[in-house]
Structures are given as structure tokens and as C-alpha cells.
Amino acid sequence: MHKNDKDFEIDIVVTWVDMNDPKWQAEFMQFAAAKGGEYGFTKDRFRDNGLLRYWFRGIEKFAPWVRKIHFVTCGQKPEWLNTDNPKINLVNHEDIIPGEFLPTYNSVVIERYLHKIPGLAEHFVYFNDDFYILRPVARERFFKNGLPCDIAVFDYNPSWSRWYVTIKNNVRLINRHFSKKEVMARWRHKWFHPCYGAKMRWNYILRYYDKFITLRVPHNAQPYLKSTFDEVWAAVGDELTETSANRFRAPNDYTPELFRTWQICNGNFEPYNTYSDTKMFPLMVRSKKAVKAIKDQSYTLICLNDHVKIRNYDGVMENIRRAFQTILPDKSSFEI
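First, a word on scope: everything that follows refers to the structure included in this document.

How each quantity is defined
Residues numbered from 1 in each chain as written. Predicted model: local features only at pLDDT ≥ 70, side-chain atom pairs only at ≥ 80, totals over all residues. Heavy atoms only, no water. Pairing = 2+ DSSP bridges. Helix = DSSP H or I, 4+ residues; strand = E, 2+ residues; numbered from the N terminus. Axes fitted to C-alpha atoms, helices over the stretch in contact; angles between N-to-C directions. Polar contact = N/O pair within 3.5 Å; in protein donor to acceptor, adjacent residues only side chain to side chain. Contact = heavy atoms within 4.5 Å. Core = buried A, V, L, I, M, F, W, Y, C linked by side-chain atoms within 4.5 Å. Buried < 20%, exposed > 50% of the residue type's maximum accessible area, 1.4 Å probe, protein only. Phe/Tyr/Trp six-rings, centres within 6.5 Å; stacked < 30°, edge-to-face > 60°. Disulfide = S-S within 2.5 Å. Parallel < 35°, antiparallel > 145°, perpendicular 65-115°, else oblique. Left-handed = near helix turned anticlockwise from the far one by under 90°. Nonpolar A, V, L, I, M, F, W, Y, C, P; charged D, E, K, R; others polar.

A short note on the sheet that holds strand β10 (residues 278-282)
Either a parallel or an antiparallel arrangement is found when strands of a sheet pair, and the pairing is made through backbone hydrogen bonds.
Turning to step 1, where the next piece is worked out: Here 3 strands make up an open sheet; going across it, the order is β5-β11-β10 and the pairing mixed. Unpaired on one side and paired on the other, β5 (131-133) and β10 mark the two borders of the sheet. Between one strand axis and the next, the sheet turns through 25° on average, direction left out of account.
Turning to step 2, where the next piece is worked out: Pairing of β5 with strand β11 (residues 301-305), which is carried by 3 bridges, proceeds in the antiparallel orientation. Within β11, the position partnered with Ile133 by the bridge is Leu301.

Okay, structure coming up:
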């Protein structure tokens, strides 16, 4: 697409919610009560752990090439956020999601409308607010030759996995619109790239199998082409519109992996072993290792996975904050 990796702009999109907001809580409880004890109403999915300022500091210090940060919320913003910063674009759910589907507490619904963000660059990287940059990162880490850097390897997902149902939904649409054998033959050099190492084993095992199964999903910042979203919506817009009515997570959901897999099947990616410089830390069991990784800047990108069962939550978060303070002590221009 581009011969020169410097001749296009790259944006970042991040979604955030302040669960401590009384108005948000009241509205959430009203709709949650109507749904009973359905899956998805846990505190860890929404609570603000107070680390967002370090997310912004990391972007400013380690990724200064970012053109714009699109901060997507339901109209909320941290009190300390400097909204006069020209790099910030506050995006309300109302700006991108049809009104009949609002309010929504379903992240996969919000994510499928990101391409509607006014002024969004064709090349953007999607972050959850628990993904952090720990050390300098070049734009080429996310886009090379104008294409997203990604890893195309299959993964086994057992039927007892709680994600299995929605994963099957994605794969069903992928198999409807793509021939696995044709895709893997056409882009063989991308599906069997040496940088994947041992993670490529399922590609060899399944190369003669007719149908796609799930791709391995690096739980970290994901580069996208905005045009991919337009293409997916043009092809399966009816399914996406129908399930946009799911105010909370539901078994018939489609996740953002639909867009990522579609992008890969079109060959719109450059092979990169995402796992070589990223790491997810489940804080319920690996908080001490997370603290060490932050202080040592062991990875380019990390995910700090919250969980409702974290013991001594306040103590764990304080240790995490102190670790971030050692590498990002200075206030960013995104803070008042």
C-alpha cells in the first residue's frame, strides 16, 4: 500500500469507563436489573484502577509519533484530563453508535463502530485502557509497508472455554466469505513466516483442513485499517446490526476478532510475532511479576488483566502505581 512507512498518519483509539460515576452506576443497575444475573456484570470489567494517567504518559513518552488519541466513552472524562491538548479527541458513544442501541455496556458492540469516529485515520491502533506501553516503540511496530503487523496462526479453543460460543460466531462468518485453502495458498509466505516460530505448528497441522478455526489472539494493542471495518460492515452488516441490540454480552455476539481475522484473510497484514514483545499479566495470580516487568521495562506492551477475585486489590494497585511511577514519573501534557 505504501512504499514509505512515514507517509501516513497513525491514530490511537482507546475505550474507557468510569464505574465510580454515580449517574453511570444508577443507569447501569437499572438495565442490569432488567437482565437478571446474566454474564458480564462483574466489577473487574468496568472499574477504574486509577492507572489511566500512566497510559497517557506512556503514549507521550514512548510513542510521540501518534497523531491523535480518540478517547471513547459514554460522555465521561477523568477530572485531570487536559481536553485542550490538540492530540485528544473526546468521542461519545452517541457520536458513533445508533441511538437505538444506547446505552450499551457491551464492549464488542462499541468496538464494531470505531470506524465511525469523526476524523479517524485509515491506520489506527486499538487499545483497551489496561494495555500499556513500557518502552520506546516505533510506528513500524504496528504498521509496515502500510499494513498492520500481526500474527496469523491458528489456536485450539476447547468447547468448554467461555469464549467459545462467540468465537464460533466469528469463524462461521469468516468461513462463509473466505476459502481457507485459497487464503493460505495466496498468502502462504504470511501464514508460514519464520518469525512465528513454534506458534505456527497448528498452521502445519491444519493446512489441509477445509475450514478456518480460531486464530490465536494476542491480548494487546491491535492495529487496524479503517477500511477493513467498512468492508466487514458491507458484507455482514445485517448480523452486526442485529447483535448491536445486545446491551450486555450475549452468546450471539461477534467480537473484534471478526475484523482482525477478516483483515488477515485479505492479506492486509505484515507477519510479526506479537508475542515477542508483549505480555498479559492476570493480576489475580501474577501481580508481583507484573510489577517487576513494569520496573524493568521487560516488554514493549503489557496488559494488566483485572479480576474481581484479586486479593488485597488496593494494595496490588498501589504496587502497580509505584512501579509505573518509577518509569513514568513526569506529568504528561494530557494532564491538567
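Back to the text.
Comments concerning the side chain of Asn128
Turning to step 1, where the next piece is worked out: Along the chain, Asn128 turns up in strand β4 (residues 123-128).
Turning to step 2, where the next piece is worked out: Here Tyr126 takes part through its side chain, which lies 3.0 Å from a polar atom of the side chain of Asn128.
Turning to step 3, where the next piece is worked out: If we ignore the near neighbours within four places in the chain, the residues touching Asn128 are Val14, Thr15, Trp55, Glu111 and His219.

Looking at the nonpolar core
Turning to step 1, where the next piece is worked out: If you look at the biggest cluster of nonpolar residues, it comprises 50 residues, and the most contacted ones within it are Trp55, Phe56, Phe127, Leu304, Ile320 and Phe324.
Turning to step 2, where the next piece is worked out: Going through the elements one at a time, β1 (10-15), α2 (52-62), β2 (68-73), β4, β5, α11 (283-296), β11 and α12 (313-327) are the ones with two or more residues in this core.
Turning to step 3, where the next piece is worked out: Top element by residues in this core is α12. It accounts for 7 residues.
Turning to step 4, where the next piece is worked out: Beyond its immediate stretch of four places on either side in the chain, Phe324 contacts Leu51, Tyr54, Tyr132, Leu134, Ile294 and Leu304.
Turning to step 5, where the next piece is worked out: Within the second largest apolar cluster, 47 residues are counted, among which are Tyr126, Ala152, Ile167 and Val183.

Some words on the packing of aromatic side chains
Turning to step 1, where the next piece is worked out: By the definition in use, this model includes 27 aromatic pairs.
Turning to step 2, where the next piece is worked out: For the ring pair Phe56 and Phe71, a centre distance of 5.8 Å and an interplane angle of 55° mean the geometry is tilted. Note that Phe56 is positioned in helix α2 and Phe71 in strand β2, a separation of 15 residues in sequence.
Turning to step 3, where the next piece is worked out: Ring geometry for Phe124 against Tyr224: centres 5.7 Å apart, planes inclined by 35°, an arrangement best described as tilted.

A word on the sheet that holds β1
Turning to step 1, where the next piece is worked out: Overall, mixed pairing links the 5 strands, which are arranged β3-β2-β1-β4-β8 in an open sheet. Of all strands in the sheet, those bounded by a partner on one side alone are β3 (88-92) and β8 (222-225). On average, each strand axis in the sheet is tilted by 25° relative to the strand beside it, whichever way the strands run.
Turning to step 2, where the next piece is worked out: Here 4 bridges tie β4 to β8, and the two strands are oriented antiparallel to one another. Paired with Val125 across the bridge in β8 is Pro223.
Turning to step 3, where the next piece is worked out: Packed onto the sheet, helix α9 (residues 226-243) meets β4 and β8 and runs at close to 65° relative to β8.

Describing α2
Every α-helix carries 3.6 residues per turn, so stepping three or four residues along brings you back to the same face.
Turning to step 1, where the next piece is worked out: Burial runs high along α2: 8 of the 11 residues are buried.
Turning to step 2, where the next piece is worked out: Of the positions making up α2, those classed as buried are Leu52, Tyr54, Trp55, Phe56, Arg57, Gly58, Ile59 and Phe62.
Turning to step 3, where the next piece is worked out: As for α2, its buried residues are in contact with β1, β2, β3, β4, β5 and α12.

What about the state of the cysteines?
Put plainly, two cysteines are in a disulfide when a covalent bond ties their sulfur atoms together.
Turning to step 1, where the next piece is worked out: Under the counting rule described, the total for this entry stands at 0 disulfides.
Turning to step 2, where the next piece is worked out: With no disulfide of its own, Cys149 has Cys195 as its nearest cysteine by sulfur position, at a separation of 9.5 Å.

Comments concerning the packing of α2 against α12
Any two packed helices are characterised by how steeply their axes cross, that is the angle between the axes, and by the distance between the axes.
Turning to step 1, where the next piece is worked out: Packing of α2 against α12 leaves a shortest axis separation of 11 Å and a crossing angle of 20°. With respect to their mutual orientation, α2 and α12 come out roughly parallel. The interaxial crossing formed by α2 with α12 has left-handed handedness. For the pair α2 and α12, the contacting residues are Tyr54, Arg57 and Lys61 in the first and Arg321, Phe324, Gln325 and Ile327 in the second.
Turning to step 2, where the next piece is worked out: Here the contact of α2 with α12 is built from residues that sort into 3 nonpolar, 1 polar and 3 charged.

Coordinates in, geometry out; function isn't part of it.
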